[in-house]
Every structure is written in C-alpha cells, then in structure tokens.
Amino acid sequence: MTRVATATSARNLAADAQAFFYVAMKPGGGKKFGVRQAGSVAALSQGLRLENMLLVSHRKLPAWAARDNELTLKDQAALNEQLGQLLTRGVPLVEALEVVASTVKPASKMKVTRMREMVASGSSFADSCRQVGGFDNVTIAVYKGAERTGDLGGAAKELAISLRRRLAVAGKATTLLIYPCIVLGLSVVVATLMMMIIVPMIGEGLAKSDIKLPLYSKIIMGTGIWMRDHAPWVGVGVALALLALLLGRGLVIMGVQRAMRRLPVVRDVLLAQECARFFSVMGAMTRTGVPISDALGVSNQAIAHPGMRKQLERLRTRLIEGGLLRNLIEEVTTFPLSTRRLLVAAERAGDLEHAFGTLAGDMADEVDRTSTRLLAVLEPVLILLMFAIIGSLLMALLLPMLTISSSIK
C-alpha cells in the first residue's frame, strides 16, 4: 500500500506543470521570491520543503510565464556523470539517485527525488524519467536499452560524454551567434543616437545658413529631425518590433536557420554540428545493445538539418526492408566522403560502436576548427557592415561640408 501511495504521489507530482510566483521562508529566517513550475500547490510546497524552505504565499501565473520544463544539458551531464560513477561501482539505483539528489542544483533536486520515489516503488528508471519530464526522447530510449542489457551505469557514462560534447558544440554555436549580434546591435544603437541627436543639430545649423544640401543629406537630416520630434512614436515602433520578434521567434529562428544552411562557411559548421550530435547519440545507443535500425529511428530525432534527416530516414527504411548498410551509407551524401568510407569499413569489421564514438569526437573537433575559420571571416565582414551603417550617416554630414569648402575656394 505504501509503494502504491508513493507511486501515485510521484505521478501527481509529474502532472502537467503550472507556473507559480511564490514567497518562501528560508531556514535562516529570510524570505525568497521566485517563479517555479509545479503540478499543484501541494507539489510546489513539497518541492520547497526538499530545499528546506516553507511556502508562505503563492500566486498562479498565466501559461506564457511558464519556463521550459526541460533539464539543461549541463544538469543532465552532471546527473549522468554521478550516476555512471556510482552505478559502475555497485551502488543500487535508489541509493545512487539519493546521492545525486543531494549534489545537483536545487532546480533539479525535486525531479531527481521524484525519480527515486518512483524507482523505489517499482517503476523502471526510463519510465520514471518520462513521467517526471525534463528528458528528451533520445535520452529515455538510451536508458530503456541500457536497462534491458543491465548496463545502466555504462550508458550513463556514455551519455555524460555525449552531453559534454554537445555542450562544447553549443558553446561554439552560441559564440558565433552572440558575436555578430553584439557588434551589429552596438552599430544600430550608435547610428540611432546619431540620427536623433547629432544629425538634427547639424542639419538645423546648415539650414539656418541657407546652404544648399545634396539630396542624400536632405533625406538623412530630414529623417533624423523627424525621429527626434517623434521620439515617443519611435520608441513605440521599436517596442512593437521587439514584441513581434518575440511572438514570432519560431518563424524568425526557422528563417535564420534556413539562410545559415545556404551560406558557404556557416553551412560547414552547421553540418559538422549535426554530425557530431548524431554520432554521439548513435554511439550511446549502440553501446546499450539497441539494434541499428531502432537506434537510427531515435537518433534522427536529434537532427535539425532537414536534408540529413531525410537521407537517414530513407536509409533506415531501406535497412528494415533488407538493404545492406554498407551500400546504403554511400547514399547519405550529407556525410563527408571520409566519414562514409570509415563507416563502411567499420560495418565490414563489425565495429560500428567504436566508429560512432570516434566520429563523434572527430566531428566535435571539426566544429571547433570550422568555427574558428568562420570567426576569422566574420570579423572583416562585420567591420564592413559597421562602416555601411555608421559611414552612411557620416557621408550625409560630410557632403555639405565638402560643398561649403568648394564654394569658398
């Protein structure tokens, strides 16, 4: 009866989460404010008690305020590292999860505690991960395969290695995105300040001197004066544009990704990133005894590149129909030729498991190399864009001065 009650409680805690603004009393006597997801008020209170805090008051927030319930890659990597170390040394799963719950960050502690309760009540580890939430389908599939082979500790270690590689790749991708955004953002801010402050001052001064301005200068100075005189409307327009970007960020991201997949150097970085993710997942799954066809079905879910996903899905379909893997690999043209040759040789030798791990590491290194080359290319391009944005305003100011100088001569 106790196990049934515990399992029921765990399932209730894993229900669809709602966002709450809460005020809690800390052990030292102070108060803590925050936003947290929980299935109910009771689940919120229990989660805070696990962190030695007492719920004082709460308020339910609208659905859009709810944060993503997925565990971050860093949290998953830490969890798998701990599980791998403990399980491979013979520590029972329930006790290992208890240790992990005491070492992870507070945001993940409640999930790990619920998982321990469910495993103690008789649920499998993969099912507890699915019900608690926060893990993707690929990770759950790896856990399920590992439980069938009895090597959950080894699978956890492989997942930790895979997640660390993904973190390194994601860090490179973030750098590639943040660097141009910062440079272009600063350029736009400087250009806006010039348009609203410097350009109108110079324009009005030249207008009082009855100096004939070139058409280009008239347009820029007239625009600057209008922006200065209608600053509130400009602010409203910027706010509406930011709101539109926020609401339509899915379409914006999709459009940016489609454009990036067509740019020569960026295309190579994205392709290497997708390959690194795919081979990491395949390596983790094949080590747990999952058949190649099943591993392909799960690993394809981790791929965002439409061309690669389509080719790998076709490979899996033909493999199930009885095709030879060594022949089908040659049709995956999104893989580099050297990668295809290595996979064919590994398939003949029956060592695909080791080949997947090797390729995952090689592709992670390739991402590092191509990212460095891309940053080297981006620097002069961004300088040219900065000149195009700010230099165009400077030209509007310099043209009248050149006209005055020629008139004096």
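From a predicted model like this one, the values you see are computed outputs, not experimental measurements.

Quick notes on the side chain of Thr334
- Take Thr334: it is sitting in the loop between helix H15 (325-329) and helix H16 (337-349).
- Beyond its immediate chain neighbours, meaning those up to four positions away, Thr334 contacts Leu271, Gly307, Met308 and Gln311.

What about empty space enclosed by the protein?
- Evaluation of the coordinates by the stated rule reveals three cavities of 30 Å³ or more.
- In this structure, the largest cavity spans a volume of roughly 100 Å³.
- Phe278, Met282, Ile292, Leu296, Leu312, Leu315, Leu325, Ile329, Phe335, Leu343, Leu352 and Phe356 together form the lining of the largest cavity.
- Contributions of two or more residues to the lining of the largest cavity are made by helix H12 (264-286), helix H13 (292-299), helix H14 (306-320), H15 and helix H17 (352-408).
- In terms of residue class, the lining of the largest cavity is built from 12 nonpolar, no polar and no charged.
- In this structure, the second largest cavity spans a volume of roughly 50 Å³.

Regarding the packing of aromatic side chains
- Inspection of every chain in the model, using the stated rule, returns six aromatic pairs.
- Ring geometry for Phe125 against Tyr143: centres 4.8 Å apart, planes inclined by 65 degrees, an arrangement best described as edge-to-face. Separated by 18 residues along the polypeptide, Phe125 in helix H6 (residues 125-132) and Tyr143 in helix H7 (residues 137-149) bring together distant segments of the chain. Each member of the pair Phe125 and Tyr143 is classed as buried.
- Taking the centre distance of 5.2 Å and the plane angle of 40 degrees together, the rings of Phe279 and Phe335 count as tilted. Within this pair, whereas Phe279 is found in helix H12, its partner Phe335 is found in the loop between H15 and H16, the two being separated by 56 residues in sequence. Here Phe279 matches Phe335 in class, with each residue buried.
- Ring pairing ties together the aromatic residues Phe278, Phe279, Phe335 and Phe356, which thus form one cluster.

Here we look at the environment of Leu206
- Mapped onto the elements, Leu206 comes out in helix H8 (residues 152-208).
- For Leu206 and Pro400, which are 194 residues apart along the polypeptide, the C-alpha to C-alpha distance reads 8.2 Å.

Topic: the confidence of the model for the chain
- In this model, the chain carries a mean pLDDT of 79, and residues with pLDDT of at least 70 account for 89%.
- Scored below 50 in pLDDT, residues 1-16 shows 19 contacts in the model against residues more than four places distant or in partner chains.

A few points about the nonpolar core
- In this structure, Leu83, Phe125, Tyr143, Phe279 and Phe335 are the most contacted members of the largest nonpolar core, which totals 62 residues.
- Considering every element that reaches this core, the biggest residue donor is H12, with eight residues.
- Residues within four places of Phe279 in sequence aside, it is in contact with Phe335, Thr339, Leu343, Phe356, Leu359, Ala360 and Met363.
- One finds Met195, Leu206, Val234 and Ile390 within the second-largest nonpolar core, a separate group that totals 14 residues.

Comments concerning the pattern of salt bridges
- According to the stated counting rule, one finds eight salt bridges in the structure shown.
- A salt bridge links Arg326 to Glu347; the nearest nitrogen and oxygen atoms lie 3.0 Å apart. Residue Arg326 is located in helix H15, and its partner Glu347 is located in helix H16; the two are separated by 21 residues in the primary sequence.
- We note a salt bridge from Arg369 to Glu366, for which the minimum N-O separation is 2.6 Å. Of this pair, Arg369 and Glu366 both sit in helix H17, three residues apart, roughly one helical turn.

Section: the side chain of Gln76
- The residue Gln76 is located in helix H3 (residues 73-87) in this model.
- Classification of Gln76 by relative accessible area gives buried; the value is 2%.
- Dropping the residues within four chain positions of it, Gln76 is found in contact with Leu71, Gly134, Phe135, Thr139 and Leu163.

Examining the packing of H3 against helix H4 (residues 93-103)
- One way to put it is that H3 packs onto H4 with a least axis distance of 10 Å and a crossing angle of 140 degrees. Regarding the angle of H3 to H4, the classification is oblique. Crossing handedness for the pair H3 and H4: right-handed. Each of Leu79, Gln82, Leu83, Leu86 and Leu87 in H3 lies in contact with H4, whose residues at this interface are Leu93, Ala96, Leu97, Val99, Val100 and Thr103.
- Taken together, the residues that form the contact of H3 with H4 break down as nine nonpolar, two polar and no charged.

Reading guide: rules and limits
- Numbering of residues begins from 1 in every chain and follows the order in which that chain's sequence is written.
- With the structure being a predicted model, the display of local features is reserved for residues of pLDDT at least 70 and the display and counting of side-chain atom pairs for 80 or more, all residues being used for whole-chain, interface and lining totals.
- As a rule here, side-chain values cover all heavy atoms of the structure and leave hydrogens and water aside.
- Put simply, DSSP H or I for four residues or longer makes a helix, DSSP E for two residues or longer makes a strand, and each gets a number counted from the N terminus.
- Any two residues having at least one pair of non-hydrogen atoms within 4.5 Å are treated as being in contact.
- Here a cavity denotes a set of grid points, spaced 1 Å apart and computed over the protein atoms alone, in which a 1.4 Å probe fits but from which it cannot get out, and a pocket denotes an open set meeting protein on both sides within 12 Å along at least five of seven lines; residues with an atom within 4 Å of a point are reported as lining.
- Grid points are joined across faces, edges and corners, and a volume is the space filled by probe spheres set on the points.
- Here the term charged refers only to Asp, Glu, Lys and Arg, the term nonpolar to Ala, Val, Leu, Ile, Met, Phe, Trp, Tyr, Cys and Pro, and the term polar to all other amino acids, Gly among them.
- Ring geometry is summarised as follows: Phe, Tyr and Trp rings, the Trp one being its six-membered ring, pair when their centres sit within 6.5 Å, and such pairs are stacked at plane angles under 30 degrees, edge-to-face over 60 and tilted between the two.
- Three exposure classes are used, based on accessible area relative to the maximum for each residue type with a 1.4 Å probe and protein chains only: buried under 20%, partly exposed in between, and exposed over 50%.
- Here pLDDT means the predictor's own confidence in every residue, given as a number from 0 to 100.
- Only buried residues count toward a nonpolar core. Its members are Ala, Val, Leu, Ile, Met, Phe, Trp, Tyr and Cys residues joined through side-chain atoms within 4.5 Å.
- By definition here, a salt bridge exists when the distance from a side-chain nitrogen of Lys or Arg to a carboxyl oxygen of Asp or Glu is within 4 Å.
- Every axis in this analysis is a line fitted to C-alpha atoms, fitted for helices over the stretch in contact. Angles between the N-to-C directions lie between 0 and 180 degrees.
- For classification, angles of less than 35 degrees are called roughly parallel, those exceeding 145 degrees roughly antiparallel, those between 65 and 115 degrees roughly perpendicular, and all remaining angles oblique.
- Left-handed is the label given to a crossing in which the near helix is rotated counterclockwise from the far helix by less than a right angle, and right-handed is the label when the rotation is clockwise.

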